[in-house]
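# Geometric and topological summary
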Amino acid sequence: MAVSSGVPPQAEQIRKVVEERLKQAEIENGAKVTVDWRGEQRHLYVISMPVDMLYYNPYTHRIRAQRTFDPERNRILEEDPWSDEAQAYLADLLRRRPSNPNHTDPDYLALVRELKEFGQREPGIISPDGIIVDGNTRCVALRELGIPNMRVGVLPSDTTLQDITSVELALQLRRDRRREYSYINRLIAIEEQLANGRSEEAVARDFNIRVKTLRQDRWVYALIREAIERSRTENGAQLRLVDFEEHQEKLRELQRDYAKKAATDPEAAERLKEARLAMVILNLPKTSLRYAEEDFHSRYLDERLPDELRDIDQEDVGSVAIPGLPGVSVPDTKAWAKAEKALTDKLLKAYATINRDPSAADAKSASALITKARDSFDLAVRLAGQNAQLRKRQVAVQERLSEAAEFIKQCATEYAEAKAKRALDEEAFDEALIQLRESLARLARQASRSAHEPGEGVKWLLETTRES
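Residues numbered from 1 in each chain as written. Predicted model: local features only at pLDDT ≥ 70, side-chain atom pairs only at ≥ 80, totals over all residues. Heavy atoms only, no water.

Take the overall build of the protein next. For the protein, the count of helices and strands is 17 helices and nine strands. Relative to a compact globule of 468 residues, whose C-alpha radius of gyration would be 23 Å, the protein shows 32 Å and is clearly more extended. Buried residues in the protein amount to 42% of all 468 residues. Considering only contacts within the protein whose residues lie at least 6 apart along the sequence, 66% involve residues at least 24 apart. Just so you have it, the protein exposes about 26100 Å², and 49% of that area is on carbon and sulfur atoms. Across the protein, 74 positive and 81 negative side-chain charges occur, with their mean positions spaced 2 Å apart. (Helix = DSSP H or I, 4+ residues; strand = E, 2+ residues; numbered from the N terminus. Rg over C-alpha atoms; globule rule 2.2 N^0.38 Å. Buried < 20%, exposed > 50% of the residue type's maximum accessible area, 1.4 Å probe, protein only. Contact = heavy atoms within 4.5 Å. Areas by Shrake-Rupley, 256 points an atom, 1.4 Å probe, with all protein chains shown as cover. Lys, Arg positive; Asp, Glu negative; His and termini not counted. Charge placed at Lys NZ, Arg CZ, Asp CG, Glu CD.)

This is the structure in structure tokens:
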């Protein structure tokens, strides 16, 4: 099988065992499993293979983002994916929680219990060389339980790496009893499919999402890649894809708000993006991110930041000279955007430093910086939230009245229709009008307490309800 990293070292021996067992399965007309194969369905004979002869798939999308969790072990995996060290790393990742590979995945523990109690229900899929296409996690669990064999269907003898990827994705997207790919791993799979020349429409259809959603997710993936690049430090530390696994909803909401803002004010959209990306890095709640608009930094945050996190002084904002007009300048509208980007870069680099070696001296200072930043953001969010609530209260009254006016307009139309069809309940209508009168009288009593000179609308309300 032509793949960039060759074939497993025991590929020839494995092929012989596979061929012998396939011949026996064919003679016995044994069980089969169906897969999508090059545009059509293919029925594969199921055989039993020793788990010790099978290799975890280094190209599986289930743990693609998690591979960079340990850079040194990932280097070994990339250089020799069939080595014992590389295969052990894959096994470890397959056991772990996608959002935090430091912890065992509860879904994996549930799989181990199921296999122990009921045995293997569904067959896996392997290449003729013994690479596991589907069932990598099941193989880990079977080995852990000491079960020597695994039932598998075998792909055709001319299987390529692209075939392995296509079959794996097709099986995953059936959404049967398999664990779903994590968010970042789905994004990686989508990008790879598009890179292979497939259209957005075809990929969206395969992943059972709209093209609009696919484009939103591609924007998020590009933002994550950009953030990882921006996090690179002089010492070589860098964030990893796995660091963004738990922020799916925050990033999707950021994309939606960014797109709305960018349609009318691209610079404001960039400022909004930087503020919210910083808050994602600080792991603030999604509800807090919603208070960060384009003026969040300049209005609420900057003066509350410690000196080591402030990139510019407020008095430095707004001094761009106009060429050809000596002595004339205008406010530098991009100054705040530069400061916000610099702040986000500092936070990205700080987290990358912590991830590289939490016990190192520079990691401790980075951790202290993050703590100060989070305190500043928390205070700024509270202030922004209070202001948002105030604005909401300021517009709530008139919005309620506007809605009531629209309902009354609709009521007038429906009243005429009901009268024409002789379907109006006159008594109920009269009772509803009395309720309306009482409600207007209550509103008038509140409006009459205002110290300001009443406007035309308030005068009308007071006069109309005077007798009430």
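So, about the packing of helix α4 (residues 106-118) against helix α5 (residues 136-145). Helix-helix packing is characterised by the crossing angle of the two axes and by the distance between the axes. It is the contact of α4 with α5, at a shortest axis distance of 10 Å, that shows an interaxial angle of 60°. Taken together, the axes of α4 and α5 are oblique relative to one another. The interaxial crossing formed by α4 with α5 has right-handed handedness. Facing α4, whose interface residues are Tyr108, Leu111, Val112, Leu115 and Lys116, α5 presents Thr137, Arg138, Val140, Ala141, Leu142, Glu144 and Leu145. Split into classes, the residues belonging to the contact of α4 with α5 amount to eight nonpolar, one polar and three charged. (Axes fitted to C-alpha atoms, helices over the stretch in contact; angles between N-to-C directions. Parallel < 35°, antiparallel > 145°, perpendicular 65-115°, else oblique. Left-handed = near helix turned anticlockwise from the far one by under 90°. Nonpolar A, V, L, I, M, F, W, Y, C, P; charged D, E, K, R; others polar.)

What follows is about the side chain of arginine 62. By the secondary structure assignment, arginine 62 is in the loop between β2 (40-50) and α2 (71-79). Among buried charged residues, arginine 62 stands out as having no salt bridge; its nearest opposite-charge side chain is aspartate 134, 5.7 Å away. A polar side-chain atom of arginine 62 sits 3.1 Å from a polar atom in the side chain of glutamine 172. (Salt bridge = Lys/Arg side-chain N within 4 Å of Asp/Glu carboxyl O. Polar contact = N/O pair within 3.5 Å; in protein donor to acceptor, adjacent residues only side chain to side chain.)

So, about the packing of helix α9 (residues 211-230) against helix α10 (residues 248-262). Two elements in contact, α9 and α10, have axes whose closest approach is 9 Å; the angle formed by their N-to-C orientations is 105°. If you check the angle between α9 and α10, you find them roughly perpendicular. Packed against α9, whose contacting residues are Thr213, Gln216, Asp217, Trp219, Val220, Leu223 and Ile224, the element α10 presents Leu251, Arg252, Leu254, Gln255, Arg256 and Tyr258 at the interface. Here the residues of the contact of α9 with α10 sort into seven nonpolar, three polar and three charged.

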